[in-house]
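Structural description and commentary
Spelled out from the first residue to the last, the chains are:
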Amino acid sequence: MSVDIPFDLLLIQVVNGIVSGMILALVASGLTLIFGIMEVVNFAHGELFMLGAYVGTTMMVATGNFWLALVVASVTIALLGAVLQVTTLRPLLGRDPLTTILATFGISLVLQNWALYQFGPVARKIQEPFTGHFTLFYLEYPWYRIVIALLAAAIIGALWLFMKYGKYGIWIRATTQDHLMAQAMGIPVPLVHTMVFAIGAAMAAASGVLFGPLVGINHAMGLDLILKAFIVVVVGGMGNLGGSILASIFISLLEAFASIWVSPAQAVIVSFVVLILTLLFRPTGLFVPTPK
Amino acid sequence: MAIRSHTVGYWLGFGVVLGLFAVAPLVLPEFWRRFVTEILIWGLLAMSLDLLIGYTGMVSFGHSAFFGLGMYGAAVALLTVRPPNLWLALLAGLVGAGILAVFVAYFATRLRDIYFSITTLVFSQIFYVIIFTWTEVTGGENGLNFRQPPFSIPGIVSGTFTPTTLHWFVLGVVTLSYLILRRITQSPFGKVLQAIRENEPRTRAMGYHIERYKIVAVMLSGLFAGLAGVLYAIQNKFAAPDFVFFLISGEVVIFNVMGGVGTLVGPVAGAAFFFLLREGFSRFFTEYYLIPVGVIFTLMVIFVPQGLLGFLKHRLNS
């Protein structure tokens, strides 16, 4: 294998990697937020992403407004997330975290098959809100991809500000640190749990709508994503928001480079290998100091 | 004396169930005969996982990989060696699953709880991607088709499988596996596994080399899962990548949780329950049967965490 990779191809793959990394970061930060606060590994997260995309297309068809679709999908899926948390995860509080994997796996089966039943097996497409292009070397690169990356960054930034300065954000952080103490200080911990799950669900739905125009929407689209999100969350350090964002971009870049040589389906193996190496040498995550 | 009657009761129950399974193909119509054979095969896969979930406290979400390697190992042996030999297929499947199990066990057992689950899941997906994309060897998306090998024990019997004899063959293998697994769980080795499940730091403090025990547990579990894969391949005469996909691993976890972990027979009952639910709901929900089954599963996780068998046991004792 020769090493004369054209520089422009490399740069295009950098842009591609960052764009898909930001989408992944949006999903993974919801996942890691949920894990950080209640030790729930949400297997149904990919399905929330997928349902968000479907609600988005339905709204797009009904109103023709992409931004309205984005908001409606996020709010709808946030409500669904809250309902799911109250009905299935709240009763499991205090049990082995493994039971939450099982329960959310059950939910994911239900949601996925319901989507298949409701929307059929044929992939759908969301219309892009802008169709402009700019020239990136020999490619006509769509502006929309750049906008997605920026929007995802904006949503994550807003979450960060909310967690840092918002009253409820401080509640969330307090509950993550010590839920008993938080409860003693008068924070309604069960409500905080539900809220966090709803926020995570909304972020998954938003990324579903944003991602929709790039790929077709079908009932199984959550499966691939959830695996990648798991990898990112573990590589970044479970419950570590900054780590998962860095890991998302890192892994997406690696996959983008790998797909220069192999098919995208095989490029996934690169991220698997990163995960295994991380678990072997830095089991607490790549981007956090290893505790002594 | 009480223990004695308990054991007698156990073997009596064992004999009755074995007898029922043995006569099943003679009295059941074609569809249900096949159904019962499949339950035995999936039951063996579920049992192999129970060794990890129920006895060692490790939830593997990647058992489809071992099952798949058993399947593809058997397929390759049946396609390359002329004339196709049943025992060679069995050996190839076990070797395939065993090698993978050594590999997975070495890496995954360094991790605990959900990290173990996610690692096994990711390993099975690596394997899925390899099978799916390596078309020249594995047939890619289409999988491999082959002919059923004849049944032969040199010098004693030889002949082709009929659905009934195949059922008996599967029953024999599964029963033998069950007895071996039961022996393992009751051996000192099995007791150490259960000690790890109950309290890992304490077991370590008692001087047991936990990692080695875990590695052996994963390997044994992988071998039996591979055996189930071989049986499935022989019954259905194909190997397909769908059976390596992680949804199969998830279904096997469902069998365990539904039937009751830590009982070995529970997972078989869980598999039977799952397939009965599937048959029942398919009538009304067609291919969307996973909607009601998923709801029932989620409710069972919340309300009957000890599974059907654990629930019955609890009821009978109180």
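What counts, and at which threshold
Residues numbered from 1 in each chain as written. Chains lettered and ligands numbered in written order. Predicted model: local features only at pLDDT ≥ 70, side-chain atom pairs only at ≥ 80, totals over all residues. Helix = DSSP H or I, 4+ residues; strand = E, 2+ residues; numbered from the N terminus. Contact = placed C-beta atoms within 7 Å. Axes fitted to C-alpha atoms, helices over the stretch in contact; angles between N-to-C directions. Parallel < 35°, antiparallel > 145°, perpendicular 65-115°, else oblique. Left-handed = near helix turned anticlockwise from the far one by under 90°. Nonpolar A, V, L, I, M, F, W, Y, C, P; charged D, E, K, R; others polar. pLDDT = per-residue confidence, 0-100. Expected span 1.5 Å × (residues − 1). Buried ≥ 20, exposed ≤ 12 C-beta atoms within 10 Å, placed from the backbone. Core = buried A, V, L, I, M, F, W, Y, C linked by C-beta atoms within 7 Å. Pairing = 2+ DSSP bridges.

Re the overall build of chain A
- What chain A contains, in helices and strands, is 11 helices and two strands.
- Starting at the N terminus and walking to the C terminus, you meet the elements of chain A as α-α-α-α-β-β-α-α-α-α-α-α-α.
- Relative to all contacts within chain A whose residues are 6 or more apart in sequence, the contacts with residues 24 or more apart total 74%.

A short note on the overall build of chain B
- On a plain count of helices and strands, chain B comes out with 14 helices and four strands.
- Once the C-alpha set of chain B is aligned to its principal axes, its extents read approximately 55 × 50 × 45 Å.
- Long-range pairs, those at least 24 residues apart, make up 76% of the contacts in chain B with a sequence separation of at least 6.

Some remarks on the packing of helix α1 (residues 7-38) of chain A against helix α5 (residues 143-165) of chain A
Residue and element names in this part refer to chain A.
- Where α1 contacts α5, the axes come no closer than 8 Å and their chain directions differ by 30°. Here α1 is positioned roughly parallel relative to α5, judged by the angle of their axes. Remark: the crossing between α1 and α5 carries left-handed chirality. Across the interface between the two elements, Ile18, Val19, Met22, Ile23, Ala25, Leu26 and Ser29 from α1 touch Arg145, Ile148, Ala149, Ala152, Ala153, Ile155, Ile156 and Leu159 from α5.
- Taken together, the residues of the contact of α1 with α5 break down into 13 nonpolar, one polar and one charged.

Section: the confidence of the model for chain A
- Here chain A shows a mean pLDDT of 83. Residues at 70 or above account for 97%.
- Ranking the helices and strands of chain A by mean pLDDT puts helix α3 (residues 66-89) of chain A first, with 90, and strand β1 (residues 133-136) of chain A last, with 75.

A look at the packing of α1(A) against helix α9 (residues 221-236) of chain A
Residue and element names in this part refer to chain A.
- Look at α1 against α9: their axes get within 9 Å of each other, and the N-to-C directions meet at 65°. Crossing handedness for the pair α1 and α9: right-handed. Contacts from Leu24, Val27, Ala28, Leu31, Thr32 and Phe35 of α1 reach α9 at Leu225, Lys228, Ala229, Val232, Val233 and Gly236.

Overview of the interface of chain B and chain A
- At the junction of the two partners, chain B supplies 29 residues and chain A supplies 34 residues.
- Secondary structure elements with two or more residues in the side of chain B that touches chain A: α5 (113-133), α11 (246-259) and α13 (290-303) of chain B.
- Tallying contributions element by element places α5(B) first for the side of chain B that touches chain A, with 12 residues.
- Its residues assigned to classes, the side of chain B that touches chain A shows 20 nonpolar, seven polar and two charged.

What to know about α5(A)
Residues and elements named next belong to chain A.
- With 23 residues, α5 extends 32 Å from end C-alpha to end C-alpha; this agrees with the ideal 33 Å at 1.5 Å per step.
- Of all the residues in α5, the buried ones are Arg145, Ile148, Ala149, Ala152, Ile155, Ile156 and Leu159.
- Where the residues of α5 are buried, they touch α1, β2 (139-142), α8 (189-211) and α10 (241-261).

Quick word on the confidence of the model for chain B
- When pLDDT is averaged along chain B, the result is 84, and 97% of the positions lie at 70 or above.
- Reported for the predicted complex are a pTM of 0.85 and an ipTM of 0.83.

Brief notes about unusual backbone geometry
Residue and element names in this part refer to chain B.
- The residue lysine 237 is not glycine, and still its phi comes out positive at about 60°.
- Checked against the element boundaries, lysine 237 lands in the loop between α10 (210-236) and β4 (238-239).
- Take lysine 237: there are 14 C-beta atoms within 10 Å of it, and that puts it in the partly exposed class.
- Here leucine 264, not a glycine, exhibits a phi torsion of approximately 65°, which is positive.
- Structurally, leucine 264 is set in the loop between α11 and α12 (265-285).

Points about the nonpolar core
- Among the nonpolar cores identified, the biggest contains 193 residues, and Ile77(A) and Ala205(A) are the most heavily contacted of them.
- The element best represented in this core is α8(A), accounting for 16 residues.

As for the pairing of β1(A)
Residue and element names in this part refer to chain A.
- Of the strand pairs in this sheet, β1 and β2 are connected by four bridges, and their pairing is antiparallel. Within β2, the residue paired with histidine 133 across the bridge is proline 142.
- Counting the residues in the hairpin turn of β1 and β2 gives two residues, including phenylalanine 137, whose phi is positive at 55°.

Brief notes about the environment of Ser158(B)
All names here are of chain B.
- Positionally, serine 158 belongs in strand β3 (residues 157-159).
- Since 10 C-beta atoms lie within 10 Å of it, serine 158 is described here as exposed.
- Expressed as a C-alpha distance, the spacing of serine 158 and isoleucine 99, which sit 59 residues apart in the sequence, is 31 Å.
- Excluding anything up to four places from it in sequence, serine 158 contacts Pro150 and Ser152.

Overview of the environment of Ala73(A)
Residues and elements named next belong to chain A.
- Mapping alanine 73 onto the fold places it in helix α3.
- Its 28 C-beta neighbours within 10 Å are what place alanine 73 among the buried residues.
- When neighbours within four sequence positions are excluded, alanine 73 is seen to be in contact with Gly52, Val55, Gly56, Met59, Ala205, Gly208 and Val209.

Quick look at the environment of Ala105(B)
Residue and element names in this part refer to chain B.
- With respect to the helices and strands, alanine 105 occurs in helix α4 (residues 86-108).
- A sequence separation of 58 residues divides alanine 105 from methionine 47, and the C-alpha atoms of the two residues are 18 Å apart.
- With residues near it in sequence (within four places) discarded, alanine 105 still touches Ile215, Val218 and Met219.

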